[in-house]
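# Fold and contact review
One-letter residues, chain by chain:
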Amino acid sequence: MAFQGKKLINNPDDVVTEFIEGLVETYPGLQYLDGFPEVKVVIRADASGATYDKVAIISGGGSGHEPAHAGFVGEGMLTASICGDVFASPSVDSILAGIRAVTGPMGCLLIVMNYTGDRLNFGLAAEQARSEGYKIETVIVGDDCALPPLLGIAGRRGLAGTIFVNKIAGAAAAAGLSLADVAAEAKRASQMVGTMGVALSVCTLPGQVTSDRLGPGKMELGLGIHGEPGAAVADLQPVDVVVSHVLKQILSSETNYVPITRGNRVVLMINGLGATPVMELMIAAGKTVPKLQLEFGLAVERVYTGSFMTSLDMAGFSISIMKADQTLLQRLDAPTKAPHWPVGSAGNRPPAKIPVPLPPSRSTKSEESLSRPLQLSEQGRILEAAIEAAVNAVMGMRDSLNDWDSKVGDGDCGSTMYSAATAILDDMKKYYPLNDAAETVNEIGSSVRRAMGGTSGVLYNIFSKAAYARLKANSDSTVTAKQWAEAFEAAIDAVSKYGGASAGYRTLLDALIPALSVLKERLTAGDDSSTAFVLSSEAALAGAESTKDMQAQAGRSSYVSASILATVPDPGAMAAAAWYRAAALAVKAKYEKASS
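This one's a predicted model, so the numbers in the text were calculated from it and none came from an experiment. (Residues numbered from 1 in each chain as written. Predicted model: local features only at pLDDT ≥ 70, side-chain atom pairs only at ≥ 80, totals over all residues. Heavy atoms only, no water.)

### Overview of the state of the cysteines
As a reminder, the rule being used: Counting rule for disulfides: a pair of cysteine sulfur atoms within 2.5 Å.
In total, this model carries zero disulfides according to the counting rule given. For the unlinked cysteine Cys-83, the closest cysteine sulfur is that of Cys-108, found at 15 Å.

### Comments concerning the pattern of salt bridges
Note the following rule: Within this document, salt bridges are pairs made up of a side-chain nitrogen of Lys or Arg and a carboxyl oxygen of Asp or Glu, the two lying within 4 Å of each other. In this description a helix means any DSSP run of H or I spanning at least four residues, a strand means any run of E spanning at least two, and both kinds are numbered starting from the N terminus. Only protein chains enter the area calculation, which uses a 1.4 Å probe; residues under 20% of their type maximum are buried, those over 50% are exposed, and those in between are partly exposed.
By the definition in use, this model includes 20 salt bridges. Close ionic contact of Asp-235 with Lys-218 constitutes a salt bridge, the shortest N to O distance being 2.5 Å. In this pair, Asp-235 sits in strand β11 (residues 232-235) while Lys-218 sits in strand β10 (residues 218-221), placing the two residues 17 residues apart along the sequence. The partly exposed category is assigned to Asp-235, whose relative accessible area is 42%. Overall, Lys-218 belongs to the partly exposed group, its relative accessible area being 32%. The salt bridge involving Glu-489 is made with Lys-520; its shortest N-O contact spans 3.1 Å. Here Lys-520 lies in helix α16 (residues 509-525) and Glu-489 lies in helix α15 (residues 481-499), a separation of 31 residues in the sequence. Linked through salt bridges whose partners overlap, the residues forming this network are Glu-521, Arg-522 and Asp-527.

### Quick notes on the sheet that holds strand β3 (residues 41-44)
To keep things clear, this is the line we draw: DSSP calls a pair of strands paired once it identifies at least 2 bridges connecting them. Only the stretch in contact is used when fitting a helix axis, every axis being a line fitted to C-alpha atoms; angles between N-to-C directions are given from 0 to 180 degrees.
One open sheet accounts for six strands, arranged β2-β3-β5-β4-β6-β7; its pairing is mixed. The strands lining the two open edges of the sheet, one partner per strand, are β2 (30-32) and β7 (136-141). The sheet shows a mean angle of 25 degrees between the axes of neighbouring strands, direction not considered. Bridge count between strand β4 (residues 56-63) and strand β5 (residues 80-86): five bridges; the pairing is parallel. Paired with Gly-61 across the bridge in β5 is Cys-83.

### Quick notes on the packing of aromatic side chains
Put simply, the test is: Any pair of Phe, Tyr and Trp rings, taking the six-membered ring for Trp, is counted once the centres come within 6.5 Å. Such a pair is stacked with planes under 30 degrees apart, edge-to-face with planes over 60 apart, and tilted for the rest.
One pass over the full model with this rule turns up ten aromatic pairs. When the centroid spacing of 6.3 Å and the interplanar angle of 65 degrees are considered together, the rings of Tyr-460 and Trp-579 count as edge-to-face. Here Tyr-460, found in helix α14 (residues 454-472), pairs with Trp-579, found in helix α19 (residues 571-595); they are 119 residues apart in sequence, far enough to count as distant. Taken as a pair, Tyr-460 and Trp-579 share a single burial class, namely buried. Summarising the aromatic geometry, the rings of Phe-463 and Trp-579 are spaced 6.1 Å apart at their centres and angled 75 degrees between planes, so their arrangement reads as edge-to-face.

### Some details on the domain arrangement of the protein chain
Where we set the bar: Annotation comment: domain bounds sourced from an automatic or database domain assignment.
The assigned domain composition of the protein chain is domain 1 (14-203 + 218-333) and domain 2 (378-595). For domain 1 versus domain 2, the distance between C-alpha centres works out to 62 Å.

### Considerations on the pairing of strand β8 (residues 193-199)
A large share of β8 lies buried, amounting to seven of its seven residues. The alternating pattern of β8 places Val-193, Thr-195, Gly-197 and Ala-199 and Gly-194, Met-196 and Val-198 on opposite faces, both of which are buried. Judged from the seven bridges that link them, β8 and strand β14 (residues 316-323) form a sheet pairing that is antiparallel. Across the sheet, the residue bridging to Val-193 is Met-322, located in β14.

### Topic: the environment of Leu-519
Cut-off, in case you're wondering: It only takes one pair of heavy atoms within 4.5 Å for two residues to be counted as in contact.
Relative to the helices and strands, Leu-519 resides in helix α16. A sequence separation of 16 residues divides Leu-519 from Leu-535, and the C-alpha atoms of the two residues are 7.3 Å apart. Ignoring any residue separated from it by four or fewer positions in sequence, one finds Leu-519 in contact with Ala-485, Phe-488, Ala-532, Phe-533, Ser-536 and Tyr-580.

### Examining the sheet that holds β10
Spatially, the six strands line up as an open sheet ordered β11-β10-β8-β14-β12-β13, and their pairing is mixed. Every interior strand has two partners, whereas the edge strands, β11 and β13 (299-306), have only one. Neighbouring strand axes in the sheet, compared pairwise and without regard to direction, differ in orientation by 20 degrees on average. Bridging between strand β12 (residues 265-272) and β13 involves seven bridges; their strand directions are parallel. Paired with Val-266 across the strands is Val-300, a residue of β13. Sitting on the sheet, helix α4 (residues 162-174) touches β8, β12, β13 and β14, and the angle it makes with β12 is about 120 degrees.

### Here's the deal with the UniProt feature "binding site: substrate" (unreviewed entry) in the protein chain
Short version of the rule: UniProt positions are given in the numbering used here, feature names are shortened, and annotations may be inferred rather than shown by experiment. Whenever a nitrogen or oxygen atom comes within 3.5 Å of another N or O atom, the pair is scored as a polar contact, on the condition that within protein one atom can donate a hydrogen and the other can accept it, and that pairs from neighbouring residues in sequence are kept only if both atoms are in side chains.
Residues annotated by UniProt as "binding site: substrate" (unreviewed entry) correspond here to Gly-62, Ser-63, Gly-64, His-65 and Asp-118. The topology assignment puts Ser-63 in strand β4. A relative accessible area of 4% means that Ser-63 is categorised as buried. Apart from residues no more than four positions distant in its own chain, Ser-63 is found in contact with Val-16, Cys-83, Gly-84, Asp-85, Val-86 and Phe-87. Reaching out from Ser-63, the side chain makes a polar contact with the backbone oxygen of Gly-84 at a distance of 2.6 Å. Relative to the assigned elements, Gly-64 resides in the loop between β4 and β5. Setting aside its immediate chain neighbours within four residues, Gly-64 contacts Phe-87, Thr-310, Ser-311 and Leu-312.

### What about the pairing of β4?
Counting buried positions over the eight residues of β4 gives eight, a clear majority of the element. When β4 meets strand β6 (residues 108-113), the two strands line up parallel, connected through four bridges. Residue pairing in the sheet places Ile-57 in a bridge with Leu-109 of β6.

### Structural notes on unusual backbone geometry
The amide bond that connects Phe-36 to the next residue, Pro-37, takes the cis arrangement and shows omega of 0 degrees. Relative to the assigned elements, Pro-37 resides in the loop between β2 and β3. Residue Pro-67 is reached from Glu-66 by a cis peptide bond, and omega for that bond is 15 degrees. Unusually for a residue other than glycine, Arg-506 sits at a positive phi of about 65 degrees. Assignment of secondary structure puts Arg-506 in the loop between α15 and α16.

Okay, here's the thing in structure tokens:
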């Protein structure tokens, strides 16, 4: 099926010149020759052929592979890039203009990708430049490892491995080497690198229609960078399988395209083809490195992941592997001002992963403090009873909560609360330090974080941590009713601050805020603590019920019509009221039993 490709462009004939204009506006270190539209050349702003005292490094080719090659112009890399039209070799006149603009007495190295048009046009330009007195050397790069050795003269295609050659040649030139030595290093690098690509889609040329020749569920192996068909079409496979296939092709001992054997040092490039998300490129990199290390016995010295040589908007990636020694690594690590060469790390790499750090409270606790006490204090027994009653109340409401939530949310409030309640109950039996109220509240938060998903899980974890912080600030081992109220208030404030809700928003706070208000009022009036908590729990239940009359201003319920909301209370508020009231009644029962 053919379709018109969508492009954010003006005239399709102007895409290359307008790209260059935008490039030099973005990077002041770059300029272009005033020869549009026939001459499209990007050069270093600090490199003039009349005074340039280093070997000039020039590469280029058809456009559409951005950032290659113009994005790699800069001190320490390319001196100039010759831009052809999209997927078309630049003209001889453009190449000559670039040579004349930046080549000084040290001469010029042309790095040419192995395509017939590029070889012919760069070759003719080189001969003309020599006839004008310029010293010129040429290195042809053909790093394609997808196709079997060809019998004809075409040879292997130039692919993303060319970027390595550009960098190495640029660094050698910046170090002051002669033209012959720079060319030798570039040629040696070109013989050490192999590349293979995988595509999920065909690219769309500006102003043209395209067809998805692959079809759904297919991928193409060993394609070129101009949208030409690959070596094979296969069913889409997990990236693990794709990476394994590509590595076997590049490192095949049968074709022997690259002189890489077990024990060698290598550098790796994962190159996006234009429409591949960074996430997918990083996944490919993460799978490629251990395979090279474990399956092929190679030492991976550097990893470069990103889009270096694209194919317009093609979805897919290529893998380039280059055998490396200390000299090549030094060239790759050498500084450059080329805007699109990545900032890599040189030298010894730290371990890729380290242990997850424990929070200070957990790491400094003794094993004894993280276990259930053998003998509970009076406070410990009351706390245990309150926790057990609260979680049992929540567990008993699972179906009702789910039913309410199915009307105003996503239908899982009861199941989510049940998971948290089960975890709290199990953990309390094993290691809650019930004689230490603050640490017990902290452990409740840890249980919630582990077992309770969604927004509610985060909010209840915040609730627990804020309450813990307030309780921990008290030096007394026994927590008074006033201190519980202060911790309760700190927890509510934290949930309101980070969750963004307050009273009247139709959330769990519509149960907890009234409870706090009554609790503070009754304690100030001199009521005994257990009575004050029970009265406040009645306020919590009334507040939860009142949510039927509220228009939701937070959470998924904010998308539900008022007519539906009026039929059910907020499930989060009802769950909060239930556990709070159950805990309050359990505390009162414990106190009454103790006094009888």
